[in-house]
Every structure is written in structure tokens, then in C-alpha cells.
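# Descriptive analysis of the structure
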Amino acid sequence: MRAIRPLALAAALTLAVTAGCGGGDDDRGDGPWPSGSRGAQSKDPDAWIPGHVAKMSLEEKVGQLFVTRFSSRADALAKIRKYRVGGLIYFPGNFGAPAKTAAQSNALQKASKIPLLLGVDEEQGIVSRTPFITGFPGNMALGATGSPADARAAAQVTGTELRAVGINLDYAPDADVNVDPRNPVIGLRSFGAEPGLVSKLTAGAVDGYQAAGVAAAAKHFPGHGDTATDSHTGLPVIKHTRPMWERLDAPPFRAAIGAGVDMVMTAHIVVPKLDGSGDPSTLSRNVLVKLLRGALGYKGVITTDSLEMAGVREKYGDAAVPVRALEAGADQLLMPPSLPRAYRAVLAAVRSGKIPEKRLDGSVTRILQLKQRRGLFQDTAADPAKAGAVIGTSAHKAIARQVAEHAVTLVRNDRNVLPLKGKKVAVTGPAGGTLRAALRRNGITVTSPGSADVTVLTTLNAGGATAAKVRALGSKPVVVAALGRPYDLNSAKGAEGALATYSSSAVSVNALGRVLSGAVKPTGRLPVPAAGEQVGHGLGYR
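Residues numbered from 1 in each chain as written. Predicted model: local features only at pLDDT ≥ 70, side-chain atom pairs only at ≥ 80, totals over all residues. Heavy atoms only, no water.

### Quick word on helix α17 (residues 394-407)
Taking 1.5 Å per residue as the helical rise, α17 with its 14 residues ought to reach 20 Å, and the 20 Å between its terminal C-alpha atoms agrees with that figure. Counting buried residues along α17, eleven of its 14 residues qualify, which places the element largely inside the surrounding structure. (Helix = DSSP H or I, 4+ residues; strand = E, 2+ residues; numbered from the N terminus. Expected span 1.5 Å × (residues − 1). Buried < 20%, exposed > 50% of the residue type's maximum accessible area, 1.4 Å probe, protein only.)

Structure representation (C-alpha cells):
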């Protein structure tokens with residue numbers, strides 16, 4: 001397995017973790033929390049939690065079940081005070097500069113009697129919500145590296161930078177095995193199509209996030225990788241049998257659980273062979289209790305995926321869905337379309353006995369245990385003065401650069417068209433300007449198509465249109481570089497060279513330039529079948 005970084009980078013990352021956590025004022029002081037919750041020597045640091053749950057009001061307990069979006073700091077504070085929410089989720093509009101974001105996180109924590117889970121959907125790659133974070137290529141690129149060390153390092157950098165601004169929960173990693181090239185919602189978010197590979201990298205990522213003090217959430221259980229329907233807009237049906245699920249979908253979640261993952265997120269999908277009711281897995285007791293709790297032995301927090309998504313809203317109303325999710329075994333309810341309506345519905349269900357209070361107490365206990373594990377009862381404060389210095393450090397950028405380089409996969413190299421050293425090269429397609437600049441920095445002569453020896457055609461999820469693009473370039477050698485889904489290479493048979501980067505980000509396009517020029521040798525391996533080649537295929541330079 002390839003080493004990810006020199007010891008100097010590891011040391012720098014450790015210093016960044018230390019700098020990013022704490023350092024500000026935490027208004028809780030010794031507060032209501034027993035000494036065991038504040039780092040005192042204890043055989044069982046969670047021993048105080050059941051007693052505390054017993055003293056909480058019903059309204060406080062129900063509030064802990066909800067993590068909601070917020071439109072402004074004032075909106076967040078109102079939700080904290082009125083509904084006693086267990087957490088809030090950041091979106092791009094909630095961020096300012098790092099120092100401002102850290103100060104906002106501190107203000108939100110100060111307003112809450114119980115420490116908040118402040119989360120974000122920061123998978124990196126195509127799902128990135130944090131505008132100032134060090135950019136990484138995403139999961140499928142990590143799958144191409146084949147390296148759990150790379151996955152761990154990327155997650156630890158991401159987690160370190162999030163914790164520096166007070167965010168303590170990342171809804172990542174995606175643990176889905178992407179076996180359907182048409183999948184419109186997972187795709188590049190997956191580590192790949194082979195369960196063993198996805199399992200290793202999922203475990204590495206979980207370890208990296210949580211080493212940085214950020215809770216990880218493996219998603220989307222029981223597995224969202226084999227669907228051509230987007231659960232944001234519809235209700236996917238997956239026809240896997242139980243044995244097929246055990247072989248294909250379950251292993252990455254087993255690996256996440258083995259790595260001590262804090263949270264597992266449910267999927268708004270129907271799997272008839274796992275539950276014949278027609279309900280989405282988020283609302284299925286067979287899936288959440290019998291499979292996740294029973295067969296996989298998971299004891300941590302189960303969160304729903306966003307309750308705003310169409311996949312969970314098709315069959316029942318917005319008031320019924322949160323109650324049904326709790327009955328199915330979920331602990332935390334993410335982004336209800338109407339927090340007031342959902343809160344009132346759950347409160348009424350508990351008061352009526354539809355949801356036993358003992359069942360409610362179990363979820364609240366697991367949520368507080370998670371917060372205890374991440375140190376939130378000791379200190380939630382971020383240091384606004386230091387936040388900017390933790391983010392985008394040279395050490396973090398070096399790790400991102402190495403991961404991007406390790407990911408670039410050479411799939412075809414007929415007549416040794418690559419590397420491009422000594423050739424005149426034209427570039428056309430998405431991110432062309434970035435790639436031209438990268439090639440020039442690495443000593444390649446970049447020219448117009450008419451005078452070039454080779455043309456590099458970049459594609460970004462062009463699919464079948466790739467073949468026509470190759471033909472349009474004429475008879476001179478063409479190299480196709482798929483900057484998005486590698487499935488574009490299925491239609492690149494007319495090209496002498498074919499590569500995949502799995503990302504159109506600057507860090508990946510610059511890595512592509514170094515590989516094309518020969519400054520860096522390609523070492524990536526296909527994490528999904530593409531261009532007629534199977535998982536694990538990848539060429540090097542002679």
C-alpha cells in the first residue's frame with residue numbers, strides 16, 4: 001500500500017488538529033454536567049447520561065431528535081430556544097469567512113443548554129458545502145488510489161478544518177457501492193463498484209474524520225448504489241435479494257461499524273426483498289432494527305437522510321413521516337420540511353403512547369453518548385483567531401495534491417502516445433485553461449489544434465457524445481481525459497490514450513497535467529468498470 005505523506009505532513013496535521021479545537025470561551029463552565037462528562041478519570045464516561053436523560057423534560061428530549069437547517073443566525077437561535085434542537089446543519093449560505101463562521105458556531109453553542117451537533121454535508125468532490133475548505137477530488141478518486149491511508153488523510157484534513165470553525169459532524173463518508181453507471185445520485189460520491197475496496201476506504205475515512213474530533217456518518221443504509229432513480233426527486237426501488245445485499249451492499253457498513261462510526265444515515269429507497277411493505281428504508285423497522293441493529297450489531301446513532309427529499313414524502317404526510325421514522329428505529333430526524341409540524345407530531349406521539357417514552361429515552365441516550373464521545377460536553381468552542389490559520393495550510397494542500405496524483409488512472413496508451421514530453425499539444429474541452437497552464441508549467445509546448453502533434457480532449461460526464469467529439473478532432477492522435485465519471489471512456493474507443501481523474505477540480509486537473517507531461521507517473525486503478533476494462537485496471541509508463 002502506497003504511503004500517503006511524509007512524517008513532516010503528519011506532524012503538521014497533528015498540530016492543526018490541536019490548533020483547531022478549543023481555545024475560546026465555553027459558557028457552560030462546570031454547568032450541569034457531571035465530572036465524568038468533563039474528562040475526569042472514569043471507568044464509564046457515559047455513566048452519568050441515563051440519569052441526566054431521566055431528568056430532562058419531554059420537550060427537551062423530543063428536541064434532541066432534530067437536526068434542522070437555518071436561514072440565519074437569528075433563525076438558528078430561535079430554533080434552539082423554542083425547540084431545543086439537538087443540532088443544526090450548515091449550508092453554503094450559512095458560512096462567512098473562517099473566523100466569522102467559528103464565532104457563529106460559538107454563539108449557537110452558547111445559546112443551547114445541551115451541546116449542539118453542528119453538521120455539514122461535506123463529502124468533498126461533487127458534494128461540497130464549505131466554501132473555504134481545502135479541496136479534495138472526492139470518493140471515486142480515492143477509490144482509484146486504492147489506499148485506506150489516502151482516505152484517512154483526506155478525511156482527517158477535512159475534519160480538522162471543519163472542527164476549526166466549530167463544526168463537529170460531517171455527513172460522510174458515502175459507503176454505497178456504485179454498480180449502476182446510470183446512477184444519478186451516487187456515481188462519483190462512491191469509492192467504487194467493488195465491495196472490498198469500498199469497505200477498506202470507508203473504514204479509513206471514518207477513522208480520519210473521527211481522529212479529527214468530527215463525528216462521521218456512513219450513508220446511505222442499506223445501500224444506494226444500484227439505482228437509476230434519484231431519491232431527491234423520486235422513490236428508487238432496488239431489487240437486491242438478501243444474499244446479494246449481504247455480498248454487495250452490507251460490507252462497507254460492516255466496515256464502518258467496525259471502525260466505530262458515530263452515525264449511520266438511512267436511505268430513502270425501497271428494497272422489496274428486505275422489506276415487502278413498500279415503505280422506504282428510512283421508515284422500515286425490518287431494515288433499521290432487524291438488519292442494522294440486529295444483523296450488523298450497530299449500537300450508535302441512526303439518522304434519517306433529509307426528510308425534505310421526495311423519496312420519503314411520497315407515501316405519507318410530513319407530520320406522519322418523522323413519527324414513522326422513529327417507530328422504524330431512527331434516532332435523529334434530519335431537515336424536516338416543517339420543524340414546527342414535525343416537532344408537534346412527535347411530541348403528540350410520545351404523549352399518546354404511540355412512541356413509548358422508553359423508546360424516546362433510548363434515542364436521546366445514544367445522541368448524548370455521541371456528543372460525549374466527540375468531547376462536546378468538555379468544550380465546544382472554536383477559536384476564531386486561529387481558524388483561518390488551520391484552513392488551507394501548505395501541509396493540507398500537499399496532501400490534497402498527493403491524493404489527486406495517486407488517483408489519475410491511465411486506462412489506454414496505444415503506441416505510447418503518453419507521456420507528452422517533446423510533443424506539441426492542443427487542449428480542448430472543460431477546464432481547458434487550467435490544463436493548458438499545468439502542461440506549460442511542466443515543460444509542454446501548448447499550441448493550436450492545427451499545429452499540434454496530439455490533442456487532449458477533456459470530458460465532463462459527456463457519455464455517448466464523447467465518441468463524436470473524438471471523431472471531430474480528425475486523424476491526429478487524441479488523448480481523452482475524463483474529468484468526471486469515468487464511464488465517458490466507454491465511448492472513447494477512437495482515442496489513442498484514455499485517462500480518468502474522477503474530478504474537474506483544480507487540484508485534479510493540475511495533477512492530470514503532471515501525469516500527462518511525465519513529471520508524475522500514473523498509479524491509479526479503475527474503481528469501477530470503464531472503457532472495456534475491469535476494476536483494478538491501470539497502466540503505468542515504461
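On we go.
### What about the nonpolar core?
Ranked by internal contacts, the top residues of the largest apolar core, which has 140 residues, are F66, L108 and L516. Looking at this core, the element that brings in the most residues is helix α14 (residues 339-352), giving eight residues. Counting 23 residues, the second largest nonpolar core, distinct from the first, contains V478, A500, V528 and A531. (Core = buried A, V, L, I, M, F, W, Y, C linked by side-chain atoms within 4.5 Å.)

### Thoughts on the sheet that holds strand β4 (residues 169-170)
Either a parallel or an antiparallel arrangement is found when strands of a sheet pair, and the pairing is made through backbone hydrogen bonds. Judged by pairing direction, the sheet is parallel, and its eight strands sit side by side in the order β7-β6-β5-β4-β3-β2-β1-β8 without closing on themselves. Each edge of the open sheet is held by one strand with a lone partner, namely β7 (301-303) and β8 (333-334). When β4 meets strand β5 (residues 215-221), the two strands line up parallel, connected through two bridges. Considered in β5, the bridge of D170 is made with A216. (Pairing = 2+ DSSP bridges.)

### Regarding the packing of aromatic side chains
Under the criterion given, the structure shown has eight aromatic pairs. Where Y90 meets F95, the ring centres are 4.9 Å apart and the plane angle is 35°; that geometry is what we call tilted. F95 carries the same exposure label as Y90, and that label is buried. Between F221 and F253, the aromatic rings sit 5.1 Å apart at their centres with planes inclined by 90°, giving edge-to-face as the arrangement. One end of the pair, F221, is in strand β5; the other, F253, is in helix α10 (residues 250-258), and 32 residues separate them in sequence. Take F221 and F253: they sit in the same class, and that class is buried. Aromatic ring contacts, followed pair by pair, group F70, Y90, F95 and F132 into a single cluster. Over the ring of F91 we find R69; its NZ or CZ atom is 4.4 Å from the centre of that ring. When the ring centre of Y316 is taken as reference, the NZ or CZ atom of R324 above it lies at 3.8 Å. (Phe/Tyr/Trp six-rings, centres within 6.5 Å; stacked < 30°, edge-to-face > 60°. Lys NZ or Arg CZ within 6 Å of the ring centre and 35° of its normal.)

### Thoughts on the packing of α17 against helix α20 (residues 506-517)
In the contact formed by α17 and α20, the axes pass within 8 Å of each other and the chain directions differ by 55°. Considering the angle they form, α17 stands oblique to α20. Between α17 and α20 the crossing geometry is right-handed. In this structure, α17 contributes A400, R401, A404 and E405 to the contact, and α20 contributes V507, S508, A511 and R514. (Axes fitted to C-alpha atoms, helices over the stretch in contact; angles between N-to-C directions. Parallel < 35°, antiparallel > 145°, perpendicular 65-115°, else oblique. Left-handed = near helix turned anticlockwise from the far one by under 90°. Contact = heavy atoms within 4.5 Å.)

### Brief notes about the pairing of strand β6 (residues 263-266)
Residues M263 and M265 line one face of β6 and the alternating positions V264 and T266 line the opposite face, and both faces are buried. Relative to β6, β5 runs parallel, the two sharing three bridges. Residue pairing in the sheet places A218 in a bridge with V264 of β6. Where β6 and β7 come together, three bridges link them in parallel fashion. When the bridges of β7 are listed, V264 appears paired with I302. Running through helix α11 (residues 285-295), the crossover from β6 to the neighbouring parallel element β7 is right-handed. (Right-handed = clockwise from strand over helix to strand, strands pointing away.)

### Here we look at unusual backbone geometry
In this structure, the amide linkage connecting K219 to the following residue, H220, adopts the cis form with an omega of 5°. Assignment of secondary structure puts H220 in strand β5. Residue F221 is joined to P222 through a cis peptide bond whose omega torsion reads 10°. At A431, a residue that is not glycine, the phi angle is positive and equals roughly 60°. By secondary structure assignment, the location of A431 is in the loop between β10 (424-428) and α18 (432-441). Overall, A431 belongs to the partly exposed group, its relative accessible area being 28%. In this structure, A531 takes a positive phi of about 55° despite not being glycine.

### What about the sheet that holds strand β12 (residues 454-459)?
Read from one edge to the other, the open sheet built from six strands follows the order β9-β14-β13-β12-β10-β11, with strand pairing classed as mixed. Bordering the open sheet on either side are β9 (409-413) and β11 (445-446), each of which pairs with just one other strand. In the sheet, β9 pairs with strand β14 (residues 497-500) via four bridges, with the strands oriented antiparallel. Each residue of the ladder has a partner; that of T409, found in β14, is A500. Contacts from α18 reach β10, β11 and β12, with the element oriented near 160° to β10. In the packing of α20 onto the sheet, contacts are made with β12, β13 (478-482) and β14, and the angle to β14 comes to roughly 145°.

### Some points on the pattern of salt bridges
If you walk through the whole model with that rule in mind, you get 24 salt bridges. R152 serves as the salt-bridge partner of D207, at 2.6 Å between the closest nitrogen and oxygen. You can see D207 sitting in helix α8 (residues 195-211) and its partner R152 sitting in helix α7 (residues 148-164), a full 55 residues away along the chain. Between E327 and K354 there is a salt bridge, with its nearest N and O atoms 3.5 Å apart. (Salt bridge = Lys/Arg side-chain N within 4 Å of Asp/Glu carboxyl O.)

### Some words on the environment of A215
Tracing the chain through its elements places A215 in strand β5. Along the backbone, A215 and R415 are 200 residues apart, and their C-alpha atoms lie at a distance of 49 Å. Sequence-distant contacts of A215, that is, excluding residues within four places in its chain, are made with N168, L169, D170, Q210, D262, L370 and R374.

### Regarding empty space enclosed by the protein
The probe, sized like a water molecule, is rolled over the atoms to show the empty space still left. By the definition in use, this model includes three cavities of 30 Å³ or more. Its volume calculated, the largest cavity comes out at about 70 Å³. Looking at the largest cavity, it is lined by 13 residues, and the ones nearest its centre are E123, N139, L142, A154 and Y209. When contributions to the lining of the largest cavity are tallied by element, the ones reaching two or more residues are α6 (139-145), α7 and α8. If one sorts the elements of the lining of the largest cavity by residue count, α7 sits on top with four residues. Looking at side-chain class alone, the lining of the largest cavity contains eight nonpolar, four polar and one charged residues. Taken as a whole, the second largest cavity holds about 50 Å³ of empty space. If you trace the second largest cavity, you find it lined by Q124, G125, I126, P137, G138, N139, M140, A141, L188, R189 and Y502. Of the residues that constitute the lining of the second largest cavity, the class distribution is six nonpolar, four polar and one charged. (1 Å grid on protein atoms, 1.4 Å probe; cavity = no way out; pocket = protein on both sides within 12 Å on 5 of 7 lines; lining within 4 Å. Points joined across faces, edges and corners; volume = space filled by probe spheres on them. Nonpolar A, V, L, I, M, F, W, Y, C, P; charged D, E, K, R; others polar.)

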